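Spelled out from the first residue to the last, the chains are:
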Amino acid sequence: MNDEVDKGDTAGSPRLSAISGIVAALAGVSGAELVSIIDTGGPSPLSAVGDVFIDTIGVRVKDIAVAIFGTNHRTALVIAMLLVIGALGAGVGRLHRRSAPRARVAVLFVAVLGLLAFWSRPDATWWVGVVSIALGAVTSVACLSVLSQRSVPRPPAGVPIPGTGTGDRRGFLRAATTISLGAGAALAVSRVARSGDTVQVATGTRSLPRPGSRIDIPSTGIDTPGVSPYITPTRDFYRIDTALRVPRVDADTWELSVTGLVERPFTINFDELLEMDSVSLPVTIACVSNPVGGDLVGTAEWQGVPLRALLDQAGVSAEAEQIVGRSVDRFTAGFPLAALDDERTAIVAYGMNGEFLPALHGFPARLVVSGLYGYVSATKWLSQIDLTTWDGFDGYWVPLGWSKEGPVKITSRIDTPRNRVMRGATAIGGVAVAPSVGIDRVEVQVDDGEWRTASLGRVAGDDTWVQWSIDWEATSGMHWLRCRAVDSDGNLQVEEPSPVAPDGATGWHTVRIVVD
Ligand SMILES: Nc1nc2c(c(=O)[nH]1)N[C@H]1C(S)=C(S)[C@@H](COP(=O)(O)O)O[C@H]1N2
Ligand SMILES: [Mo]
């Protein structure tokens, strides 16, 4: 079992060298991540590299990630980065086996690249990058030499001493495990130190103003267990964005400007926005990446200023055709000005479910537009509303192959049952979405049976999804349940399945249920 170690190879086996390299790389990266928390307001080395990747080569990240992971491209990116770090580490480890100085040069090279990425971030403090990445590199080199010492078997001194190889392997394993655990702990600490970024926001002494008009949340009358609540609690609300690190915007210095094809461009600060007449109402928003039956959709009670009011204040020019939202993190999303013609709900929101927006959902302000997918409309960390012609600008996702217009498609989802139920009287239930139009009815089919019409919950208006439920006398065995919705204009949800790209998935949600 000690074949490799005992081959008389004085430099340790290639496999152990590669492992040493991977462990040393992880130690270096987590060391750098840990040190960088001296400035939680700035980037971490890993997030900086990820951001650079997204800004430059990562143009297809969303497509790839949707293909591999379904929806979450940030997870995909982090996993990809870890794989790359591991591969680089393995390479450096093997290089170290032949030449320790060369391995050190390789580490230095990677560190310099990391530093350049770090410095390229607008909110980076230059010396934090130097200190954290230098310490990370030193950690990595130190771990490399510790591990390589332990991966070299003692030279056979005439008579092989039984167990020697094992002892070496044990020493190596112990060191590698200790370092890996330390690296894991360092990563965990740095994540915790930065986790405040994702929820806390400094709202100063401000409190949410009283909305000038409010649409109250009805009691929907659907209490079927397992059906999604009408209002999605903020902590359960889906999150999609390209931000590896959630922008932390200072409410005291934040400004929103309305620019472009307007007669009177202007800029307001947070307090001025809060002073404007506001509305509060529930609106469902959805992600274009939501697969059939998926949960990248939610309904919150949004409070904010109608986009119309801000546009009227600026005086939209006749040539304007597109409203582009720009974010402090350079994300952009654009939709037709004509989308507002039918009094569609479109607000610059600063409140979500009775509180200021959490950082994750766009503090201090974001756009919420009923009936348009988030990628063309729902700009978080909003800093600018820019009016242009339709051809004058393409939002972030458009050049990446996503449709320029993104109306939300009619969808319906079975929330319950999802796997097994007991035989007898039960209920099938879920939600259906056609925001800004509204749902007329939801129909349910069991196996090849008749389509039956479900009862619908009460809604606050056409801007939200609707809960639905229908009784079912479940008989033993396996069953297929399907649902489909019809919107208030009489359009039936599309049966033909299509993928999320380029403009949203279609197909009737079907679940297989085992009845005991
Ligand atoms: N600044 C910024 N805003 C953004 C995005 C983004 O990547 N960056 N993603 C959009 C997309 S694709 C969606 S679906 C919604 C999601 O909003 P939520 O995370 O609050 O659910 O935000 C939109 N606003
Ligand atoms: Mo999205």
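Thresholds applied
Residues numbered from 1 in each chain as written. Chains lettered and ligands numbered in written order. Predicted model: local features only at pLDDT ≥ 70, side-chain atom pairs only at ≥ 80, totals over all residues. Heavy atoms only, no water. Pairing = 2+ DSSP bridges. Helix = DSSP H or I, 4+ residues; strand = E, 2+ residues; numbered from the N terminus. Near = heavy atom within 4 Å. Polar contact = N/O pair within 3.5 Å; in protein donor to acceptor, adjacent residues only side chain to side chain. Areas by Shrake-Rupley, 256 points an atom, 1.4 Å probe, with all protein chains shown as cover. Nonpolar A, V, L, I, M, F, W, Y, C, P; charged D, E, K, R; others polar. Salt bridge = Lys/Arg side-chain N within 4 Å of Asp/Glu carboxyl O. Expected span 1.5 Å × (residues − 1). Buried < 20%, exposed > 50% of the residue type's maximum accessible area, 1.4 Å probe, protein only. Contact = heavy atoms within 4.5 Å. Axes fitted to C-alpha atoms, helices over the stretch in contact; angles between N-to-C directions. Parallel < 35°, antiparallel > 145°, perpendicular 65-115°, else oblique. Phe/Tyr/Trp six-rings, centres within 6.5 Å; stacked < 30°, edge-to-face > 60°. Lys NZ or Arg CZ within 6 Å of the ring centre and 35° of its normal. Core = buried A, V, L, I, M, F, W, Y, C linked by side-chain atoms within 4.5 Å. Domains from an automatic or database assignment.

**Things to note about the sheet that holds strand β14 (residues 424-433)**
And then number 1: Judged by pairing direction, the sheet is antiparallel, and its four strands sit side by side in the order β12-β14-β18-β17 without closing on themselves. The open sheet terminates on both sides in strands that have one partner only, identified here as β12 (411-416) and β17 (455-456).
And then number 2: Where β12 lies against β14, five bridges are found, and the strand directions are antiparallel. Within β14, the position partnered with arginine 413 by the bridge is valine 431.

**Some thoughts on the site of ligand 1**
And then number 1: In the vicinity of ligand 1 there are 18 residues, among which Tyr238, Thr242, His361, Arg366 and Lys380 approach most closely.
And then number 2: With respect to ligand 1, the side chain of aspartate 329 contributes an N or O atom lying 3.3 Å from a nitrogen atom.
And then number 3: One of the side-chain N or O atoms of arginine 366 is found 2.7 Å from an oxygen atom in ligand 1.
And then number 4: Against a free-state accessible area of 530 Å², the protein chains account for coverage of 100% of ligand 1.
And then number 5: The class makeup of the residues in the shell around ligand 1 is eight nonpolar, five polar and five charged.

**Examining the pattern of salt bridges**
And then number 1: Evaluation of the coordinates by the stated rule reveals 16 salt bridges.
And then number 2: Among the ionic pairs, aspartate 271 bridges to arginine 206, the shortest N-O distance being 2.6 Å. Taken together, the residues span a long stretch of sequence, with aspartate 271 in helix α8 (residues 270-275) and arginine 206 in the loop between α7 (164-199) and β1 (213-214) at a distance of 65 residues.
And then number 3: The salt bridge involving aspartate 440 is made with arginine 441; its shortest N-O contact spans 3.1 Å.

**Some points on the sheet that holds strand β16 (residues 452-453)**
And then number 1: Read from one edge of the open sheet, five strands run β13-β20-β19-β15-β16, paired in mixed fashion. Either end of the sheet is taken by a strand with one partner, and the two such strands are β13 (420-421) and β16.

**Some remarks on helix α6 (residues 126-151)**
And then number 1: Between the first and last C-alpha of α6 there are 37 Å, a value that for 26 residues agrees with the 38 Å anticipated at 1.5 Å per step.
And then number 2: Considered for burial, the residues of α6 that qualify are Val128, Gly129, Ser132, Ile133, Gly136, Ala137, Ser140, Cys143, Leu144, Leu147, Ser148 and Ser151.

**Looking at the side chain of serine 317**
And then number 1: Among the secondary structure elements, serine 317 is positioned in the loop between α9 (307-314) and β6 (322-327).
And then number 2: Within the structure, the side chain of serine 317 is placed 3.4 Å from the backbone nitrogen of valine 262, a separation counted as a polar contact.
And then number 3: Apart from residues lying up to four places away in sequence, serine 317 is in contact with Leu261, Val262 and Glu263.

**Let's talk about the pairing of strand β5 (residues 297-306)**
And then number 1: Along β5, nine of the ten residues are buried, which leaves the element largely enclosed by surrounding structure.
And then number 2: Where strand β4 (residues 279-286) meets β5, eight bridges bridge the pair, whose relative direction is antiparallel. Within β5, the position partnered with threonine 284 by the bridge is threonine 299.
And then number 3: Bridge count between β5 and strand β8 (residues 346-352): five bridges; the pairing is antiparallel. Opposite glutamine 303, over in β8, you have glycine 351 as the bridge partner.

**Focus on the packing of helix α2 (residues 45-55) against helix α5 (residues 100-119)**
And then number 1: Here α2 crosses α5 at 75°, and the two axes come no closer than 8 Å. Overall, the two elements α2 and α5 adopt an arrangement that is roughly perpendicular. When α2 is examined against α5, the residues Pro45, Ala48, Val49 and Val52 are found in contact with a partner set consisting of Gly114, Ala117 and Phe118.
And then number 2: For the contact of α2 with α5, the residue count by class is six nonpolar, one polar and no charged.

**Describing the packing of aromatic side chains**
And then number 1: Tallied over the entire structure, the rule returns eleven aromatic pairs.
And then number 2: Residues phenylalanine 237 and tyrosine 238 carry aromatic rings whose centres are separated by 5.5 Å and whose planes lie at 20° to one another, so their mutual orientation is stacked.
And then number 3: On the basis of relative accessible area, phenylalanine 237 is assigned to the buried category, the value being 6%.
And then number 4: Judged by centre distance (5.3 Å) and plane angle (75°), the ring pair of tryptophan 451 and tryptophan 508 falls under edge-to-face. You can see tryptophan 451 sitting in the loop between β15 (439-446) and β16 and its partner tryptophan 508 sitting in the loop between β19 (477-487) and β20 (510-515), a full 57 residues away along the chain.
And then number 5: Here tryptophan 451 falls in the partly exposed class, since its relative accessible area comes to 23%.
And then number 6: Residue tryptophan 508 is classed as buried on the basis of its relative accessible area of 11%.
And then number 7: Three or more aromatic residues joined by ring pairs make a cluster, and in this case those are Trp254, Phe270, Tyr350, Phe356 and Phe363.
And then number 8: Here the guanidinium or amino end of lysine 404 rests over the ring plane of tryptophan 390, the centre of that ring lying 4.6 Å away.

**Describing α5**
And then number 1: When the terminal C-alpha atoms of α5 are compared, their 28 Å separation across 20 residues agrees well with the 28 Å that a helix rising 1.5 Å per residue should span.
And then number 2: Burial in α5 covers these residues: Ala103, Ala106, Val107, Ala111, Gly114, Leu115, Ala117 and Phe118.
And then number 3: You can read the cap of α5 off the contacts: a side-chain oxygen lies 3.1 Å from the backbone nitrogen of arginine 102, and it is on serine 99.

**Here's the deal with the nonpolar core**
And then number 1: Grouped together as the largest cluster of nonpolar side chains are 73 residues, with contacts concentrated most on Trp302, Leu307, Ile323, Val348 and Ile385.
And then number 2: Considering every element that reaches this core, the biggest residue donor is β8, with six residues.
And then number 3: Counting contributing residues per domain, this core is built from domain 2 (213-400) and domain 3 (411-515), each supplying no fewer than three.

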